[in-house]
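# Architecture at a glance
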Amino acid sequence: MSSPSAQPPRCRALRFLPDLSTCLARNAQRPSSRRVPPDTLRRQHHLAREATPHALLREGFTAVHQVGPS
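These notes cover the structure that comes with them. Along each chain, numbering runs from 1 in the same order as the chain's sequence is written. Per-residue local features are limited, in this predicted model, to residues with pLDDT of at least 70; the limit for side-chain atom pairs, both in listing and counting, is 80 or more; totals at the level of whole chains, interfaces and linings are taken over all residues. Processing note: side-chain calculations cover all non-hydrogen atoms of the structure and skip hydrogens and water entirely.

Let us now look at the side chain of R15. Along the chain, R15 falls in strand β1 (residues 12-16). Here R15 is buried and forms no salt bridge, its nearest opposite-charge partner E50 lying at an N-O distance of 9.9 Å. Of the polar contacts made by the side chain of R15, one reaches the side chain of Q66; its length is 2.8 Å. By definition, any uninterrupted DSSP run of H or I lasting at least four residues is a helix, any uninterrupted run of E lasting at least two residues is a strand, and each is numbered from the N terminus. For each residue, the accessible area found with a 1.4 Å probe, counting protein chains only, is set against the maximum for its type, and the residue is called buried under 20%, exposed over 50%, and partly exposed in between. Under the counting rule used here, the positive set is Lys and Arg, the negative set is Asp and Glu, and His together with the chain ends is not counted. Any Lys or Arg side-chain nitrogen located within 4 Å of an Asp or Glu carboxyl oxygen qualifies as a salt bridge. Under the rule applied, a polar contact is a pair of N or O atoms within 3.5 Å (in protein, one hydrogen donor and one hydrogen acceptor; residues adjacent in sequence only if both atoms are side-chain atoms).

For helices, the fitted axis covers only the stretch in contact; all axes are lines through C-alpha atoms, and the angles between them, taken along N-to-C directions, range from 0 to 180 degrees. Running from N to C, helix α1 (residues 20-29) and helix α2 (residues 38-50) cross one another at 145°; their axes reach a closest spacing of 10 Å. For the crossing formed where α1 meets α2, the hand is right-handed. Only P38, L41, R42 and H45 of α2 make contact with α1, whose side of the interface consists of L20, C23, L24 and N27. Amino acids are sorted into nonpolar (Ala, Val, Leu, Ile, Met, Phe, Trp, Tyr, Cys and Pro), charged (Asp, Glu, Lys and Arg) and polar (every other residue, Gly among them). In the contact of α1 with α2, the residues fall into 5 nonpolar, 2 polar and 1 charged. Helix crossings get a hand from a simple test, with the near helix turned counterclockwise from the far one by less than a right angle marking a left-handed crossing and a clockwise turn marking a right-handed one. Whether two residues are in contact is decided by their heavy atoms, any of which lying within 4.5 Å being enough.

Further remarks concern the side chain of N27. Locating N27 in the fold gives a position in helix α1. Apart from the residues lying within four places of it in its own chain, the contact partners of N27 are R35, V36 and L41.

Spelled out as structure tokens, the structure:
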């Protein structure tokens, strides 16, 4: 049991965001049974772009690290 003055756990976000063209090209190389529909991939990419460092910090992450190009 933690004491009332205990620090909240640190939770860091790692943000990966490849270009949409890279995602689409990699998806096309997957076996047909494992491909994600392109419209679904575009929507997921859009949602990932909206998860900005500021938005992730507001969600409660204590730090956000960008991995690779933004």
